[in-house]
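Inside the fold
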Amino acid sequence: MSDVKLKAKTCSFPAHKVILSARSPVFKAMFSSDMRESMCDSVDIRDMDDEAVRRMLQFMYTTDVVDLEWSSASDLYAAADRYEVLTLKEKCSSYLKANLRPSNACAALLLADLHHDEGLKRLVQDFILKHSWEVMNSDEWKQMMETDLKLAAETMYLEFKE
């Protein structure tokens, strides 16, 4: 009885436009405007991982998010941000904050910066400064200095800012 399919990388997921529209202003705009998706019975989101799409849909139908791990929480956070499923984004953000470690701090900082989440970004930056020896001597930090020197410098600057 579904009226739309979400096409991820390798899977298609049946869904209902009314449910998606009720949970996401992005889907609501897609289905209620002159966008291609309002006329079609499918939405291509092939740049998202199948599991992230499945879990986002599960949340949209049940408001449950279970068995999160760092990778799935990061992917789901990005999906929730993209489709403005704010309660899901907050649940993923809470998981990321609670499970922040020196080994994943750089990934969390890049994720927060990419999604313009100033609250998460500042928390991660504070964590990095608190664990600076461990984080800044890691391969992840060295990689981040090569790929996003501005963000690394901004974080280090906070240590000396008055």
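Up top is the structure these notes are about.
The text that follows walks through the structure, step by step, so that each part is easy to find. Everything numeric here is computed off the predicted structure, so don't read it as measured data. (Residues numbered from 1 in each chain as written. Predicted model: local features only at pLDDT ≥ 70, side-chain atom pairs only at ≥ 80, totals over all residues. Heavy atoms only, no water.)

Right, let's get into helix α7 (residues 105-114). Within the span of α7, buried status applies to A105, C106, A108, L109, L111 and A112. Along its buried surface, α7 packs onto α5 (70-82), α6 (86-98), α8 (118-130), α9 (132-136), α10 (139-147) and α11 (149-160). A positive backbone phi angle near 55° is found at H116, which sits one or two residues after α7. (Buried < 20%, exposed > 50% of the residue type's maximum accessible area, 1.4 Å probe, protein only. Helix = DSSP H or I, 4+ residues; strand = E, 2+ residues; numbered from the N terminus. Contact = heavy atoms within 4.5 Å.)

What follows deals with the packing of α7 against α8. Running from N to C, α7 and α8 point in directions that differ by 155°, and their axes come no closer than 8 Å. By the criterion of interaxial angle, the relationship of α7 to α8 is roughly antiparallel. At the point where α7 passes α8, the crossing takes the left-handed sense. Here A105, A108, L109, A112 and D113 of α7 lie close against α8, whose contacting residues are L120, K121, V124, Q125, F127 and I128. By residue class, the composition of the contact of α7 with α8 is eight nonpolar, one polar and two charged. (Axes fitted to C-alpha atoms, helices over the stretch in contact; angles between N-to-C directions. Parallel < 35°, antiparallel > 145°, perpendicular 65-115°, else oblique. Left-handed = near helix turned anticlockwise from the far one by under 90°. Nonpolar A, V, L, I, M, F, W, Y, C, P; charged D, E, K, R; others polar.)

Turning our eyes to something else, we now look at the nonpolar core. Judged by nonpolar contacts, the single largest core of 46 residues is most densely connected at L20, F27, M56 and Y83. Excluding residues within four positions of it along the chain, L20 makes contact with V4, L6, A15, F27, F31, L57 and M60. (Core = buried A, V, L, I, M, F, W, Y, C linked by side-chain atoms within 4.5 Å.)

Glancing now at a nonpolar patch on the surface. Together, M145, L149 and M156 line one region of the surface with nonpolar side chains, adding up to about 260 Å² of accessible area. Mapped onto the elements of the fold, L149 is located in helix α11. Exposure remark for L149: the relative accessible area of 54% places this residue in the exposed category. (Patch = residues over 30% accessible without salt bridge, like charges linked within 9 Å, V, L, I, M, F, W, Y side chains within 5 Å. Areas by Shrake-Rupley, 256 points an atom, 1.4 Å probe, with all protein chains shown as cover. Salt bridge = Lys/Arg side-chain N within 4 Å of Asp/Glu carboxyl O.)

Function-wise, these values are silent; they only describe arrangement.
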